[in-house]
Amino acid sequence: MSSEQAKSIFLHAGVLAGLFLLQFFLPEYHHLSVTRIMLLAVFAMGFNLLFGYTGLLSLGHAMFFAAGMYGAGLSAYHLGWSVPLSFMVGIACGVVLSLAIGLIALRTTGVAFMIVTLMFSQVAYLTIVYFTTYTRGDEGLVMPESARQFVLFGQQLSLTHPGTRYNLALMLLAIVMASVWLLVRGDFGRSLIAIRENEARTKMLGYNTFLIKLKVLVVSGTISASSGAGYALMFAYIGSSFATIQYSIDPLLYTLLGGAGTVLGPFLGTALMFYLIDITSEYTSAYLLVAGIVLVILVLFFPRGLLGAVRNRWFGWLP
Amino acid sequence: MVWVVAMTLLSARRLSKYFGGLRAVDEVNFELETGEIRAIIGPNGAGKTTFVSLLCGRLEATDGSIIFENQDITGLPAFKRARQGIAYTFQITSIYSKLSVRENVAIAAQNATDKSRDAAYRVQDALTRSGIPELADEIAGSLAYGHQRVLEVAMGLAMSPKLLILDEPTQGLSDMEIEQFCELVSDINNTATVLLIEHNMHVVMKLAQRITVMDRGRVLAEGLPEEIRRNDAVQAAYLGS
Ligand SMILES: Nc1ncnc2c1ncn2[C@@H]1O[C@H](COP(=O)(O)OP(=O)(O)OP(=O)(O)O)[C@@H](O)[C@H]1O
Ligand SMILES: [Mg+2]
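Predicted model, so just to flag it, every value in this text is computed and none were measured.

Regarding the overall build of chain A
Summing up its helical and strand segments, chain A has 14 helices and 4 strands in all. Over its C-alpha atoms chain A spans a radius of gyration of 19 Å, differing by no more than 12% from the 20 Å that the globule rule assigns to 319 residues. Across its three principal directions, the C-alpha atoms of chain A cover 55 × 45 × 45 Å. Residues counted as buried form 52% of the 319 residues belonging to chain A. For chain A, restricting intrachain contacts to residue pairs at least 6 apart in sequence, the fraction spanning at least 24 positions comes to 77%. In the form shown here, chain A has an accessible surface area of approximately 14000 Å², with 70% of it arising from carbon and sulfur atoms.

Side note on the pairing of strand 1 (residues 8-19) of chain B
Residues and elements named next belong to chain B. Relative to strand 2 (residues 22-33), strand 1 is paired through 8 bridges, and the arrangement is antiparallel. The residue of strand 2 that forms the bridge with T8 is E33. If you look at the hairpin formed by strand 1 and strand 2, you'll find 2 residues sitting between the two strands, and G20 has a positive phi there, around 60°.

Some details on the coordination of the magnesium ion (ligand 2)
The magnesium ion (ligand 2) binds to the protein through T49 of chain B (OG1) and Q91 of chain B (OE1), with metal-donor distances spanning 1.9 to 2.3 Å. In this pair, T49 of chain B sits in helix 1 (residues 48-56) while Q91 of chain B sits in the loop between strand 6 (86-89) and helix 3 (101-109), placing the two residues 42 residues apart along the sequence.

Examining the site of ligand 1
All names here are of chain B. The environment of ligand 1 is formed by 14 residues, the closest being N44, G45, K48, T49 and T50. Within the contact set of ligand 1, an oxygen atom lies 2.8 Å away from a side-chain nitrogen or oxygen of T49. For ligand 1, whose accessible area on its own is 630 Å², the fraction buried by protein is 61%. Of all the secondary structure elements, the ones that give two or more residues to the shell around ligand 1 are strand 2 and helix 1. Considering each element in turn, the shell around ligand 1 owes the most residues, 3 residues, to helix 1. Across the shell around ligand 1, the residue classes tally to 5 nonpolar, 7 polar and 2 charged.

So, the interface of chain B and chain A
Counting residues at the interface gives 23 residues for chain B and 17 residues for chain A. Note on chain B versus chain A: buried area summed over both sides is about 1800 Å², and carbon and sulfur give 56% of it. For the chain B face of the interface with chain A, the top three residues by lost area are F79, Y96 and Q110 of chain B, together amounting to 33%. Put simply, chain B and chain A have 3 salt bridges between them. Salt-bridge contacts for K98 of chain B lead to E197 of chain A; the nearest nitrogen and oxygen are separated by 4.0 Å.

Here we look at helix 1 (residues 3-22) of chain A
Residues and elements named next belong to chain A. Look at helix 1: 28 Å from first C-alpha to last across 20 residues, which is about the 28 Å you get at 1.5 Å a residue. Those residues of helix 1 that fall on the buried side of the exposure criterion are S8, H12, L16 and L19. One face of helix 1 carries all of its buried residues, which in axial projection span an arc of 60°. More than 90 degrees from the buried face of helix 1, the exposed residues found are S3 and F10. Against helix 2 (28-53), helix 7 (162-185) and helix 12 (265-283) lie the buried residues of helix 1.

Rules used in this analysis
Residues numbered from 1 in each chain as written. Chains lettered and ligands numbered in written order. Predicted model: local features only at pLDDT ≥ 70, side-chain atom pairs only at ≥ 80, totals over all residues. Heavy atoms only, no water. Helix = DSSP H or I, 4+ residues; strand = E, 2+ residues; numbered from the N terminus. Rg over C-alpha atoms; globule rule 2.2 N^0.38 Å. Buried < 20%, exposed > 50% of the residue type's maximum accessible area, 1.4 Å probe, protein only. Contact = heavy atoms within 4.5 Å. Areas by Shrake-Rupley, 256 points an atom, 1.4 Å probe, with all protein chains shown as cover. Pairing = 2+ DSSP bridges. Donors = N, O, S within 2.8 Å, 3.2 Å for Na, K, Ca; no water. Near = heavy atom within 4 Å. Polar contact = N/O pair within 3.5 Å; in protein donor to acceptor, adjacent residues only side chain to side chain. Nonpolar A, V, L, I, M, F, W, Y, C, P; charged D, E, K, R; others polar. Buried area = accessible area lost by both parts, 1.4 Å probe. Salt bridge = Lys/Arg side-chain N within 4 Å of Asp/Glu carboxyl O. Expected span 1.5 Å × (residues − 1). Arc of directions from axis to C-beta.

As structure tokens, this is what we get:
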């Protein structure tokens, strides 16, 4: 193992260990905030695989988040399925949707890809609203009591317990972080970066770029869906607002802020953005404006995001 | 007693590419033997780049067929042809300018035809053979132009190709760089057949075993360097003297 690799493992494991320890010190309010941040960071990490590493900007990732959320939420609500099973359904919905979207949307590139994903995401949103009998549209559904308790590894768990939610979110974050880390450091990650940097050349070097893009879109969509499924089950609510354009833009903002094309960037960006909005909204109702201005400044001065700047300047080994 | 039989590596039959009404490549018949260095020459706009783009799959043929190692590859996408051993270097430098030289070569080495050695070895080997091992950690986009051209070739080399197509590789190089380049191509020829598009007649005469002359989408002449030098039609169309 190279020393760079060791350093990198140390850093990422350190962040996860830090998050684990943090729960014993956080006051109740922040405990809940960090739980949300970890789940949303998973969403952003999925997004970043496609955007940061492969150079494909999707403006419709809310549909994958929503696929996970509704796949899990509807099966728990209407079918009374257990939490783990519902979670799996959410993930399966993510796989199916991203595969279908990929087969169509990846025929386009650049701006056309942005528009096509945006449109499909609108279709997903309207579909949720259209089937209001089952989804209750904007009003949404609150998960039944049966979907708050479950057994995992012989352990009776309750999702009403904040500690359980925190550690489940951390577990999901850890699994996704490790997977992304492994993925981007191997041959597959190299082919993603090659596509991002020069797709025409990459084709001529023997890469089936369409297939690679399809694979990464499915992984990206599935990770985003796992975040949506986790969100639905942990916070016991699903609603169509989670499928709006705002939820497609958020992971982009998180990723840009933290650093596109870095493993930790999306997590860092999610945490900063979350607290930025949280704090400014205490002082002004125009908190989104403040957030926007901060973002513009950051993008102007740190075009590669915070971690990207750190990597350029000091730590070339940061994956 | 050993019989040395010339083997055909690649052949094109009535290969054509039309851009609207323009016949950029017009019913070209072409044969390439295993192990040779072949030069394609011809005036600007003759269709040289278009022709080799059809061979490597960067462009789709309007008509005709291409056989590589006795297999019809006319319908194969570019990436499959690359994996079968056809490497192409762009006329306009096309590298990963934000990545390091080593990373550029590593991307190319990942789909090499011959994977008997491990990837790290193949990358280092391609860098060494191309004479740029000391530049491995530089960012490709920051290299001098001549080195970028060499990197292009190193990437082709890393694919361990059976056929390496070089599209005007010496364009813009200094005389000294051109000499080094000729040595590199000779070395590559030990393991690969080379198809070279080249304007510099000094390079062509030095390297090529056979020359194909193209003009207006057609093959005007083909033969040994000496024959081409003496050919009247070629003189008139191209050499201009
Ligand atoms: N994509 C394209 N669309 C339309 N016309 C094209 C295209 N590519 C090439 N052509 C035309 O086809 C003809 C042959 O071009 P090509 O680039 O193959 O010539 P060439 O022999 O490589 O010339 P040069 O020596 O300048 O590189 C030219 O008239 C060119 O303008
Ligand atoms: Mg040309």
